[in-house]
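An overview of the molecular structure
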Amino acid sequence: MSSPLQPSSLNSNRVRIVVATSVMLTFISYWRAAAIVLNDLASSAFYACGIAEQAVGKSAPWFIVAVMLFSFTVRAVYVESCSMFVRGGVYRVVKEALGGTLAKISVSALMFDYMLTGPISGVSAGQYIVGLINEVFATADAHGWVPRAVHSLFNGTPQLNVNWTSVAFALAVTLYYWWENIKGIHESSEKALWVMQITTVMAVILLGWSALTVFRFGYQPVPLPTPDHLHFTKESLGFLSHIFSGQSLAHTFGLLGILMAFGHSVLAMSGEETLAQVNRELAHPKLRNLKRTAIVIAMYSLIFTGFSALLSVMLIPDAVRVPVYKDNLIAGIAMYLWGPQLLRLLFRGFVVVVGFLILSGAVNTAIIGSNGVLNRVSEDGVLTDWFRFPHRKYGTSSRIINLVVILQVLTILASRGNVYVLGEAYAFGVIWSFTFNSLAMLVLRFKYKGIRGWKVPPNFSIAGHEVPVGLASVFMVLLSTALINLFTKSVATVAGVSFAVVFFMIFTVSEHANRHKFALAEQQMKDHFQLLQRDTVERDALNIRPGNVLVPVRDYNTLAHLRWALERIDTRDQDVVVMSARVSRFGAAAYDLAMEQIFSDYEQTLFTRAVSVAESVGKRVSLLVVPAGDVWSAIVQTANNLESSAVVAGLSSKMTPQQQAFAMGRAWEAVPEPKRQFVLQIVRPGNKVDSFRIGPHTPTMKNEDVLLLHRLWLNITREPGLEQVHHHDILTEALTRFAHDYGARDREDIIKELRRTARESGPPVSSRTASQIPTVQPEPTRNENDREDLGS
Amino acid sequence: MSILGTLLARILEAMFAVGSVGSFVVLLLSGIEDLKMLLGREESHDS
């Protein structure tokens, strides 16, 4: 009997597994990439200036504008790093340049950033919503629309507790996205684009209406960012408040005061890390599209965040700006625009809806991002595999998601809805992850002298040595800001350092504990499996014949579809390829995956089970692991590359067979030409099988449709000169006319008719139409082709 | 304030000042590059 498995090309009896190391991604345009980044970056416009003004005074908007201009240069550093590492990001870059220890520290800072992104976004969204509700109550009460009973119940105008209601809202949003991530939602660039389109509409109205208001009523000037105009509070001086009073420091040090104010405003550029994460998914030409993405997000955030910060001081009176609107400044701008109150209130409602969408999205991004980073760290052996154990039903890394969300929930509760405290702490993670990234890039200039796609300008050459002036300048600003923040943000320093130390210790201890276990596991794996690395999945290179059957596997407890396929296929004639898609979610995809990381303990268990199934049936299988951003896309691309004739899949726990086929079909449409059609067979429990053709194919025609076509043919061929017309000629003409009508004036009517047809349970329209066409007996001398045509 | 504190403050100020000037140059040069790219006059760096 033949070996149940494809033998190794070498002399061992180990199972050969091909591990493809290039992730199969669906590529996106730079507009979509910019939308994903802006969902994170632009959300800070809703709270950054309020926090900065509380810390440094009325000239805060200038510092926000300065930070947004400086963010152009930080983005330049990220573009350079992405031109070196397609899967960049802080961990990858710092590890490459500075080693594992500093990489762990930088990831700890990044985790602190993510740990606060969710809470600050959720609480801020809550502040906007509760602010609107209270405003509506106040307006209603002023008009006498609030019943007396309600009025007396609240001892005056009904008002919700802003901070605690915001906490409740933030918890609800966080828990909602926790459940969505546990189920494994797909990060949609389309949704991000849609949110940014709505945000743009709001921003255009806001800026236009504000310009009109300024033109009509004038504005109050924003004090220039000079030391004289800085007003630090005891809180914003942090540890320095023990030495100096709030007013004297700026006068004493001058430029140091400017630096402190700048440090209090850096959270406005949070979200840059997302740029490195989406880089992988950018379509060709990658570098050019990356630069375009960077320009779009830089311009957008400068205009939206910068101008809205300036407008908040220009339009909202001093008496109410900080006391009433400090946590919902854009809503405050809406209330001080020129126009009737009802219209302003309606626009404020729109601002709140947009704020809810973009800030809620940032909560989700934080969970996805931190899950991705911890997954990557875990894959690298610095967290035990226990964290990555897949959810029994959904297959997601639920333990990491639970850990992240528990920390976020505790942060939300500890903040008690205070956006200022959250913002101050948030800045710690933001600035330190940027600082580590720029330091690493600076070190790489000297450590790695190879050609780069792009370099931060300017660069001079002295005695044959390159001096990266631009990169060093950006690093100096970041480092000086990070260091001054250590002194002025006492809460952030204590919380951030504690958090980073705890995470660093967990990483270090786990890594140490794992080292022995990994060495043992690696040896076991080497005993059983032979890993063959390939950059891409190519049929010839994998020695697989065309017309093979691809069997995707994911959960080692549900391999019934593999057994079903093997029992029916003679593997001497047709190869069976068992494939596991190693999903790198949005976030995790940013990091480079080594072969051993792609083929982890989980894949080892999964393929051991798959091999057992093959052995029990006595058939040969080929094993393949591919990293992927999206499972459907990975399956379709693999089937296409391997020239598979069929894909046999198990029934999803979340989707019906029809939904699975639809998802597969959509993924097929996204694959570039040339592409092949194949049959998708979904094996349900009890070995019931649903078959679908993926790609364009001859549709299954109903009898009524065949009858209608035949009657039309009988009639048409009686016309003079049309005796030779075939059935397919009629179909061609009908479809051409349909396409013309659909593309022109009748589109709505056609859609309406199709909807009605889909709803109707009675006899099909074609049947009724056919009955209206008089039956004509065919001429006795019909040609043979048409008989065959009808028969088929 | 101690001498060490003053020294640290001066170092931070110097770093920030020099870095800001350099960053402004980065902003200008990369802005010109971006403008060229948007106008379609840049050579492609993509391999």
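Preceding block: the structure.
Cut-offs applied
- Residues numbered from 1 in each chain as written.
- Chains lettered and ligands numbered in written order.
- Predicted model: local features only at pLDDT ≥ 70, side-chain atom pairs only at ≥ 80, totals over all residues.
- Helix = DSSP H or I, 4+ residues; strand = E, 2+ residues; numbered from the N terminus.
- Buried ≥ 20, exposed ≤ 12 C-beta atoms within 10 Å, placed from the backbone.
- Contact = placed C-beta atoms within 7 Å.
- Arc of directions from axis to C-beta.
- Expected span 1.5 Å × (residues − 1).
- Axes fitted to C-alpha atoms, helices over the stretch in contact; angles between N-to-C directions.
- Parallel < 35°, antiparallel > 145°, perpendicular 65-115°, else oblique.
- Pairing = 2+ DSSP bridges.
- Right-handed = clockwise from strand over helix to strand, strands pointing away.

Glancing now at the overall build of chain A. Counting its regular elements, chain A contains 31 helices and ten strands. Here chain A holds 792 residues, and 48% of them are scored as buried. Long-range contacts, defined here as pairs at least 24 residues apart, represent 82% of the contacts in chain A between residues at least 6 apart.

Moving on, we come to helix α22 (residues 560-568) of chain A. Burial in α22 of chain A covers these residues: His 561, Leu 562, Ala 565 and Leu 566 of chain A. Buried residues of α22 of chain A, seen end-on, are gathered within an arc of 135° and therefore sit on one face of the element.

Moving on to helix α27 (residues 703-716) of chain A. All names here are of chain A. For α27, built from 14 residues, the straight-helix expectation of 20 Å at 1.5 Å per residue is met to within 8% by its first-to-last C-alpha distance of 20 Å. Every buried residue of α27 is accounted for by Leu 708, Leu 709 and Trp 713. The buried residues of α27 all sit within an arc of 135° when viewed along its axis, so they share a single face.

Quick look at the packing of helix α3 (residues 60-84) of chain A against helix α13 (residues 286-315) of chain A now. Where α3 of chain A meets α13 of chain A, the closest approach of the two axes is 9 Å, and the angle between their N-to-C directions is 170°. Considered as vectors, α3 of chain A and α13 of chain A are oriented roughly antiparallel to each other.

Mapped onto the fold, Pro 627 of chain A is located in strand β7 (residues 622-628). For the pair Pro 627 of chain A and Arg 582 of chain A, spaced 45 residues apart in sequence, the C-alpha to C-alpha distance is 4.4 Å.

Residues and elements named next belong to chain A. Across the six residues that make up strand β9 (residues 678-683), a large majority, five, are buried. Of the pairings in the sheet, the one linking strand β8 (residues 646-650) to β9 comprises five bridges and is parallel in character. Among the inter-strand pairings, Ala 646 is bridged to a residue of β9, identified as Val 679. Considered for its hand, the β-α-β crossover made up of β8, helix α26 (residues 657-670) and β9 is right-handed. Strand direction decides the pairing type here: β9 and strand β10 (residues 689-694), joined by six bridges, are antiparallel. Across the sheet, Val 679 pairs through a bridge with Arg 693, a residue of β10.

This paragraph deals with the environment of Ala 261 of chain A. Residue and element names in this part refer to chain A. Inspection of the secondary structure puts Ala 261 in helix α11 (residues 255-263). When the C-alpha positions of Ala 261 and Ile 64 are compared, they lie 9.6 Å apart, and in sequence the two are 197 residues distant. Among all residues touching Ala 261, those that are not within four sequence positions of it are Val 56, Phe 63, Pro 225 and Leu 230.

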